[in-house]
Amino acid sequence: EAKTSTRKAIDLQPHFADAHLNLGKILKDLGQLHEAEISTRKAIELKPNYVDAYFQLAYLFQTRGDYKNSNNTFRHILDLNTTNISDKFKILGQLHLNSLIEGKFDQFDNFNHLMKNYTKKLNNKLTQLNEDNFIIKLGLQLNDQKEKTNCLNLTHIGDSHCLSFSHQITIFKLKKRKLIPLYIRGAKAWHFAKKEMNIWKASFSEQIKNHNYSDELLISFGEIDCRKEEGILPFSIKYNKELIEVSEVTINGYLDYMESQLKSLYSKKYYFGVPAPVGAKGIKDELDIKRIELIRIYNSLLKKAVISRGSCFVDVYELTVDKKGENNLLYMCDDIHLSPKCLDILFKNHLCQPA
């Protein structure tokens, strides 16, 4: 309906750049990425220094896994006279992210230096997203392993959790393998379980189609579904559903979609579980307690469903849980994401395969 209404508005005022940008946003959310790019470029054509439109174009390139054009677009925004310091700060966070995905860790020092300068100009009011904080932390932990370029690649698709092992080298099936991330921002297992096309499914399809680095695939989704403020827990409370019921529907829909899309492309698939929750600071409320139970249930059901479909399960929960059902804090980069140092341990001690 929004798409139809916006197209009617454009018919009435075809030279109104904002309408073309809004149409691009709607098309992007519907998973129509090519059409979204056309509308966004039209907005830029009508308004050449349109910062918001350039941002959208750069994010569209990210969504499609086109980091060369994403970087070029972000750098173009930096050069625009209309770009404020806060936006420049945000751009550096995204350039950080793109460099991490591409394995260009040598660029981090320059980005960090520029970000510190922008922070001073912003009177020390940090405006970067939480994700950017994670990217900066993670960038300091990842190792540049250029000297080991002869090893085979192993594709790892997921939300931000696939970034924890970006371009890291591990022993996998007795061979050295470098993990290449395919990043889908903010994707939930639930997004793949839904029947309708959306931006996450579109990003998934584009990246699988254009970036096939190996005949086996690592898959990391589900952690966002298990958060306190979004996903299964608030949905279950709002609609008075049992956690196990919503978890089962989510997991089965998610795996059905993955198997239908990937079965003919990859000989083996390895699904990562969800880390145990980091304990709440102070007194736990009712949602904190329910989340501990949710993550236990979710991992148990996911493991069973993955194995029953003939795929493998990487038991992140088993690695990270303590006796209380909370995170043991031994293998985390932050409160949500795994540290790169646990990669070898996961494959050696927590890999579950079908009989």
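Bear in mind that the values here come from a model prediction, so they are computed numbers and not experimental data.

Here is what the cut-offs are and how they apply
Residues numbered from 1 in each chain as written. Predicted model: local features only at pLDDT ≥ 70, side-chain atom pairs only at ≥ 80, totals over all residues. Heavy atoms only, no water. Helix = DSSP H or I, 4+ residues; strand = E, 2+ residues; numbered from the N terminus. Rg over C-alpha atoms; globule rule 2.2 N^0.38 Å. Contact = heavy atoms within 4.5 Å. Lys, Arg positive; Asp, Glu negative; His and termini not counted. Charge placed at Lys NZ, Arg CZ, Asp CG, Glu CD. Polar contact = N/O pair within 3.5 Å; in protein donor to acceptor, adjacent residues only side chain to side chain. Salt bridge = Lys/Arg side-chain N within 4 Å of Asp/Glu carboxyl O. Buried < 20%, exposed > 50% of the residue type's maximum accessible area, 1.4 Å probe, protein only. Core = buried A, V, L, I, M, F, W, Y, C linked by side-chain atoms within 4.5 Å.

Engineer: Mind showing me how you'd approach the overall build of the protein chain here?
Structural biologist: In terms of helices and strands, the protein chain carries 15 helices and seven strands. The C-alpha atoms of the protein chain give 21 Å as radius of gyration, which agrees with the globular expectation for 355 residues (20 Å, within 12%). Viewed in the frame of its principal axes, the protein chain has a C-alpha envelope of about 60 × 50 × 50 Å. A fraction of 69% describes how many contacts in the protein chain between residues 6 or more apart in sequence connect residues 24 or more apart. Measuring between centres, the 51 positive side-chain charges of the protein chain sit 2 Å from its 43 negative side-chain charges.

Engineer: Would you take a moment to explain the environment of Glu-293 for this structure?
Structural biologist: Assignment of secondary structure puts Glu-293 in helix H13 (residues 286-308). Measuring from C-alpha to C-alpha, the distance between Glu-293 and Lys-201 comes to 29 Å, with 92 residues separating the pair along the chain. Engagement of the side chain of Glu-293 in a polar contact is seen with the side chain of Arg-296, the distance being 2.6 Å.

Engineer: Could you clarify how one ought to interpret the pattern of salt bridges in this entry?
Structural biologist: Working definition: two side chains of opposite charge can pair if their charged atoms are close together. Per the stated rule, a full pass over the model turns up 21 salt bridges. Of the charged contacts, one joins Lys-173 and Glu-216 as a salt bridge, the two residues approaching to 2.4 Å between their closest N and O atoms. One end of the pair, Lys-173, is in the loop between strand E2 (169-172) and strand E3 (175-183); the other, Glu-216, is in strand E4 (residues 216-220), and 43 residues separate them in sequence. With a relative accessible area of 6%, Glu-216 lands in the buried category. Overlapping salt bridges bring together Lys-188, Glu-223, Arg-227, Glu-230 and Arg-291 as one network.

Engineer: Mind showing me how you'd approach the nonpolar core here?
Structural biologist: Inside soluble globular proteins, nonpolar side chains tend to come together where they are buried. Of all hydrophobic cores here, the largest spans 37 residues; its most connected members are Ile-157, Phe-192, Phe-204, Ile-219, Phe-221, Tyr-254 and Met-258. Elements with a minimum of two residues in this core: helix H9 (189-193), helix H10 (199-210), E4, helix H11 (232-238), helix H12 (243-262) and H13. In this view, Phe-192 contacts Ile-184, Ala-187, Trp-200, Lys-201, Phe-204, Phe-221, Gly-253, Tyr-254, Tyr-257 and Met-258; residues no more than four positions away in its chain are not counted. Counting 21 residues, the second largest nonpolar core, distinct from the first, contains Leu-21, Ile-44, Leu-80 and Phe-111.

Engineer: What is the right way to read the side chain of Thr-320 from this model?
Structural biologist: Within the secondary structure, Thr-320 sits in helix H14 (residues 316-320). According to the relative accessible area criterion, Thr-320 is buried, its value standing at 0%. At a separation of 2.9 Å, a polar atom in the side chain of Thr-320 contacts the main-chain amide nitrogen of Ala-276. A polar contact of 2.9 Å, which involves the side chain of Thr-320, links it to the backbone oxygen of Val-316. Not counting residues up to four positions away in its chain, the partners in contact with Thr-320 are Pro-275, Ala-276, Glu-326, Asn-327, Asn-328, Met-332 and Leu-338.

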